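So you can see what is in the structure, the chains are spelled out below.
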Amino acid sequence: MPCFFFDWTAGIRACESSRMMEKPYRRRDLLGIRDLSAAEINGILDTAENFREINTREIKKVPALRGKTVINLFFENSTRTRTSFELAAKRLSADAVNISVSSSSVSKGETLVDTALNLDAMDPDCIVVRHGSAGVPHQLAKVSRAAVVNAGDGANEHPTQALLDAMTIREHKKKIEGLKVAIIGDIIHSRVARSNIHLLTKLGASVKVAGPGTLVPNDFQHLVEKNLEVCPHVEDALEGADVVMILRIQRERQDSAYFPTLREYSIHYGLTNDRLALATKDAIVLHPGPMNRGIEIASEVADSSRSLILDQVKYGVAVRMAVLYLATGGSIGTKE
Amino acid sequence: MRLLIANGHLIDPAAPENTGMSVLIEDGKVSAWLKPNEAAPEGCEVFDAAGLLVAPGFIDLHVHLREPGQEHKETIASGCAAAVVGGWTSVCPMPNTNPVNDNAAITRYMIEQAERAGLANVFPIGAITKSSDGGELAEMGEMKAAGAVAVSDDGRPVPNAGIMRRAMQYAKDFDLPVVDHCEDKSLSSGGVMHEGRMSLLLGLKGMPALAEDIDVVRDIILAKETGAHIHIAHVSTKGAIEAVRRAKNEGINVTCEATPHHFTMTDKIVEGYDTNTKMAPPLRSEDHLEAIIEGIKDGTIDCIATDHAPHHADEKALEYDRAPFGITGLETAVGLALTELVHKGVISLERLVEMCSTNPAKIFNLNGRGTLKPGSIADITIIDPERVWTYRSTESRSKSKNSPFDGRTFTGQAVAAFVGGKLVHKTPE
């Protein structure tokens, strides 16, 4: 079985497959948070801190990735994440190309492997991929010479989202270790929840998840070894939380009988000021967007000072700059 | 023509008193046993099986040969070539061809194609319902007359209990076993792997074990009421095995098979998203694997079947959740069973032969096979239990290469096969 090691500090991607050994230049994939150590996660976050300042300059551009090519390969619609990756690449002076494919490789009549090989033949340094099917970045990484960065794969992972969430938390709470984090909503279908659970538990936070029983299976308890608890009620998860993460609820889940109506969902699982009062006084609220106001989050919460939704988006650019920089050969903690 | 299989170690669980004898073959049938030191009759050809195990030909109750209709994946000739290399002298192809084997003409065509290939015997399984769409019953009597040995809608299990009840009542009239791929699709639809910790971890939709359990229990209740013989295909869950065990104790006419991949691998291997780890039923978690091993040990599981399901590489080179279900298995099954079951002390060689030959012949009423008693058909599998070899899918005789065992090294291999007394395969030294 192929096995990938993600060593963001040493800089070289090791792999069992002989094909990988022939890679002509250094590259590092970011396929998921699950594969990273706490030190590697902190390394990426520290690098992102260094890049943040660039985004506040009048001339928001440094030559760090000049001459490098980044392909944003999006098989799923996305405004925020794609724009964020594109800006990140451009602010580092990389050439960024966006490819939006509305459907999977099947309906184009091309296999996933062929798509990857064709893009790879154009010698990009990094392929950022989003796909509705879990595992597509892993499959691409096996055949492509370019570094592969996962921008969200099915219900598996969305590592840069978890990293930007961590950056937001670090900014406001000054630490992650020891924090109590509640994640509320459609856990089973959420790549954001998975990446966040891996990241937060690796960095020593304790995570409680809650939502309708149909969307939060008890087995989730065993996803990671420690620091994770599945709560029977939203209120149990919110009690004493320092950070509250609200997940987007998809309308189509109603059609698949996961819950009866959006109205009932908002009444029993939505984050209102009353429910938020169960958390600590200075608890912060995160949401990966786009929000369904009045459903998973009440406007009174979304628009309050505790909601850091726009900070998340802001830090997203810095995090993606760091990820692109490290993926294409840069070292931890540096810029320019 | 006379042929003596000499110097080998005969294992025939149907006639244990003759362990170790030489087998004399005349005109495609076993004519006599000779003592090991007895000289070969004059003018008789001799196959030297010194150091080798001689067994009644192995019978695989569950394969997909893809012909007619999907010859780019497999043909009856290529599937039979893979079968004899793997030690299987008879294979029973499922009816999910295109068109579906739901009538005598297709059944006959499959048998004729196998005769043209002249390698393994092919005993087709007919459909339960027309086009396997779960509606009207297929012409089981006609198919049986044409050579079908059982009926099944395999990957499209009959969802309607009322139709299944009639199918069992009707199949019983013709002594046809009803084979069911037990999966309640209302519970498993959209799933691509076993539902459990690994599916949650990988973000893939799960197929819960209970989707299999519920259908197995339904079938057992129907078999009890109708008196029909139900054969549960590829059992993969603890619950299914427990249900079969209870039913057997109650005397219900139920048998079942397990595949080599289910008794050797768990859902952990899905990590990495290799689509050659995707099949139905899916690879399950450790506790289910242990239950299968227990079922193999205590006899609840009657036989080993491969569920050989070839798919073209282009069809498997897709997103995990879009790739088709199934892996090849004919060439790796015996190696896996010897390595993982016999050499690890789970079962004896005798039990292996029973599971691969004696029992399958009984389950599908293949008279004259599954034993090497004088008078029986000279289908013989010769095994070198100690031979170390490595499976390379590129060298496979199957037209498809979708195996998760590529590059795996085994201890024990089927090294020769006779069908009707004719040598159809011999592994080069």
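Here the structure is a predicted model, which is why all the values come from computation and not from measurement.

J.: Describe the overall build of chain B, listing the residues and the values that go with them.
T.: Within chain B one finds 13 helices and 20 strands. Radius of gyration (C-alpha) of chain B: 20 Å, near the 22 Å computed for a compact globule of 429 residues. Taken along the three principal axes of its C-alpha coordinates, chain B extends 65 × 45 × 45 Å. The proportion of buried residues among the 429 residues of chain B is 61%.

J.: I'd like a description of the overall build of chain A, backed by residues and values.
T.: Across its full length, chain A carries 14 helices and nine strands. Among the 336 residues that make up chain A, the fraction classed as buried is 50%. Expressed as a percentage of contacts within chain A between residues at least 6 apart in sequence, the contacts between residues at least 24 apart total 74%.

J.: Explain helix α8 (residues 191–202) of chain A to me, and be specific about the residues and the numbers.
T.: Residue and element names in this part refer to chain A. Taking 1.5 Å of rise per residue, twelve residues should cover 16 Å, and α8 covers 17 Å from first to last C-alpha, within 8% of that figure. The buried count for α8 comes to twelve of twelve residues, which makes it a mostly enclosed element. Inspection of α8 places R191, V192, A193, R194, S195, N196, I197, H198, L199, L200, T201 and K202 among the buried residues, and these make up the whole buried set.

J.: Which residues make up the sheet that holds strand β17 (residues 303–304) of chain B, and what are the values?
T.: Residues and elements named next belong to chain B. Strand order in the open sheet formed by six strands is β10-β11-β12-β15-β16-β17, with parallel pairing between adjacent strands. Pairing within the sheet leaves two strands with one partner each, and these edge strands are β10 (125–126) and β17. Pairing of strand β16 (residues 254–258) with β17 involves two bridges; the strand directions are parallel. Its bridge partner being in β17, A258 is matched across the sheet by I304.

J.: Pulling in residues and values, what's your account of the sheet that holds strand β5 (residues 180–184) of chain A?
T.: Residues and elements named next belong to chain A. Taken together, the five strands give an open sheet; going across it, the order is β7-β6-β5-β8-β9, and neighbouring strands pair in parallel fashion. Here the strands that pair on one side only, and so sit at the sheet edges, are β7 (228–230) and β9 (284–286). For this sheet, the mean inter-axis angle between neighbouring strands, taken without regard to orientation, is 20 degrees. Summarising the sheet, strand β6 (residues 206–210) and β7 pair through three bridges and their orientation is parallel. When the sheet's bridge partners are listed, V209 is paired in β7 with V230.

J.: Give me the lowdown on the domain arrangement of chain B, citing residues and values where you can.
T.: All names here are of chain B. When cut into domains, chain B gives domain 1 (2–53 + 377–386 + 408–426) and domain 2 (57–363). Between the C-alpha centres of domain 1 and domain 2 there is a distance of 29 Å. The partner domain 2 presents 23 residues to the 18 residues of domain 1 that form the contact. For the side of domain 1 that touches domain 2, the secondary structure elements donating two or more residues are β18 (380–390), β19 (409–419) and β20 (422–426). Ranked by residues supplied to the side of domain 1 that touches domain 2, first place goes to β19 with seven residues.

J.: For the interface of chain A and chain B, give the residues involved together with the corresponding values.
T.: Size of an interface, as often reported, equals the accessible area lost when the parts are brought together. Taken together, the contact between chain A and chain B spans 26 residues of the former and 17 residues of the latter. Every element with two or more residues in the side of chain A that touches chain B is listed here: α4 (105–108), α5 (112–120), α6 (136–143) and α8 of chain A. At three residues, α6 of chain A tops the list of elements feeding residues into the side of chain A that touches chain B. Residues of the side of chain A that touches chain B, tallied by class, amount to eleven nonpolar, eleven polar and four charged.

J.: Can you explain the confidence of the model for chain B? Please cite residues and give values.
T.: When pLDDT is averaged along chain B, the result is 97; 100% of the residues meet or exceed 70. Scored by ipTM, the complex comes to 0.89, with pTM at 0.92.

J.: Residue-level account of the packing of helix α3 (residues 80–91) of chain A against helix α14 (residues 309–327) of chain A, with values.
T.: Pairs of packed helices are described in terms of their axes, by the angle between the two and the distance that separates them. Residue and element names in this part refer to chain A. Interaxial distance between α3 and α14 falls to 8 Å at its minimum, and their mutual angle equals 55 degrees. Taken together, the axes of α3 and α14 lie oblique to each other. You can see that α3 and α14 cross each other, and the crossing is right-handed. Where α3 approaches α14, its residues R80, S84, F85, L87, A88, A89 and R91 are matched on the opposing element by V313, G316, V317, R320, M321 and L324. In terms of residue class, the contact of α3 with α14 is made up of eight nonpolar, two polar and three charged.

J.: Kindly report on the domain arrangement of chain A, identifying the contributing residues and their values.
T.: All names here are of chain A. Split by domain assignment, chain A resolves into domain 1 (18–156 + 315–327) and domain 2 (159–313). A straight line from the C-alpha centre of domain 1 to that of domain 2 covers 26 Å. With 22 residues of domain 1 at the interface, the matching set in domain 2 holds 22 residues. Elements represented by at least two residues in the side of domain 1 that touches domain 2 include exactly α2 (38–52), β4 (147–153) and α14. Broken down by class, the residue content of the side of domain 1 that touches domain 2 amounts to twelve nonpolar, six polar and four charged.

J.: Outline the pairing of strand β1 (residues 69–74) of chain A, listing residues and values.
T.: All names here are of chain A. A large share of β1 lies buried, amounting to five of its six residues. Assessed by its sense of winding, the connection that carries the chain from β1 through α3 to strand β2 (residues 95–100) is right-handed. Direction of pairing for β1 relative to strand β3 (residues 126–131): parallel, over a ladder of five bridges. By the bridge assignment, L73 is partnered in β3 with V129.

J.: Give a detailed account of the environment of V100 of chain B, specifying residues and quantitative values.
T.: Positionally, V100 of chain B belongs in the loop between β8 (88–93) and α2 (104–117). For V100 of chain B and D133 of chain B, which are 33 residues apart along the polypeptide, the C-alpha to C-alpha distance reads 9.9 Å.

J.: Residue-level account of unusual backbone geometry, with values.
T.: Residue and element names in this part refer to chain B. The omega torsion across E67 and P68 is 5 degrees, close enough to zero to call that bond cis. Looking at the element boundaries, P68 is found in the loop between β7 (58–63) and α1 (76–86). Cis rather than trans, the peptide bond between N98 and P99 has omega equal to 0 degrees. The topology assignment puts P99 in the loop between β8 and α2. Of note in this structure, Y273 is not a glycine but carries a positive phi near 60 degrees. Checked against the element boundaries, Y273 lands in the loop between α9 (260–264) and α10 (286–298).

J.: Break down the packing of helix α7 (residues 159–173) of chain A against α14 of chain A for me, citing the residues and quoting the values.
T.: Residue and element names in this part refer to chain A. One can describe the packing of α7 onto α14 by two numbers: an axis separation of 8 Å at closest approach and a directional angle of 120 degrees. For the element pair α7 / α14, the angle class is oblique. Classified by chirality, the crossing of α14 by α7 is right-handed. When α7 is examined against α14, the residues T160, L163, L164, D165, M167 and T168 are found in contact with a partner set consisting of D311, Q312, Y315, G316, V319, R320 and V323.

J.: Run through the environment of D120 of chain A, naming residues and quoting values.
T.: Residues and elements named next belong to chain A. As for its position among the elements, D120 is in helix α5. Sequence separation between D120 and L140 is 20 residues, and the spatial gap between their C-alpha atoms is 9.7 Å. Residues contacting D120, with those up to four places away along its chain left out, are S144, R145 and A146.

J.: Any chance you could break down the pairing of β20 of chain B for me, citing the residues and the numbers?
T.: Residues and elements named next belong to chain B. Here β19 pairs with β20 via four bridges, running antiparallel. Residue A417 lies in a different strand from β20, and its bridge partner there is H425. Counting the residues between successive antiparallel strands, the hairpin from β19 to β20 contains two residues, one of them, G420, with a positive phi of roughly 55 degrees.

J.: Provide a residue-level description of the environment of I197 of chain A, including the pertinent values.
T.: All names here are of chain A. Here I197 lies in helix α8. Placed 13 residues apart in sequence, I197 and I184 show a C-alpha to C-alpha distance of 12 Å. Excluding its chain neighbours within four sequence positions, the residues that come into contact with I197 are V207, L223, V224 and L228.

Scoring rules and cut-offs
- Residues numbered from 1 in each chain as written.
- Chains lettered and ligands numbered in written order.
- Predicted model: local features only at pLDDT ≥ 70, side-chain atom pairs only at ≥ 80, totals over all residues.
- Helix = DSSP H or I, 4+ residues; strand = E, 2+ residues; numbered from the N terminus.
- Rg over C-alpha atoms; globule rule 2.2 N^0.38 Å.
- Buried ≥ 20, exposed ≤ 12 C-beta atoms within 10 Å, placed from the backbone.
- Contact = placed C-beta atoms within 7 Å.
- Expected span 1.5 Å × (residues − 1).
- Pairing = 2+ DSSP bridges.
- Axes fitted to C-alpha atoms, helices over the stretch in contact; angles between N-to-C directions.
- Domains from an automatic or database assignment.
- Nonpolar A, V, L, I, M, F, W, Y, C, P; charged D, E, K, R; others polar.
- pLDDT = per-residue confidence, 0-100.
- Parallel < 35°, antiparallel > 145°, perpendicular 65-115°, else oblique.
- Left-handed = near helix turned anticlockwise from the far one by under 90°.
- Right-handed = clockwise from strand over helix to strand, strands pointing away.

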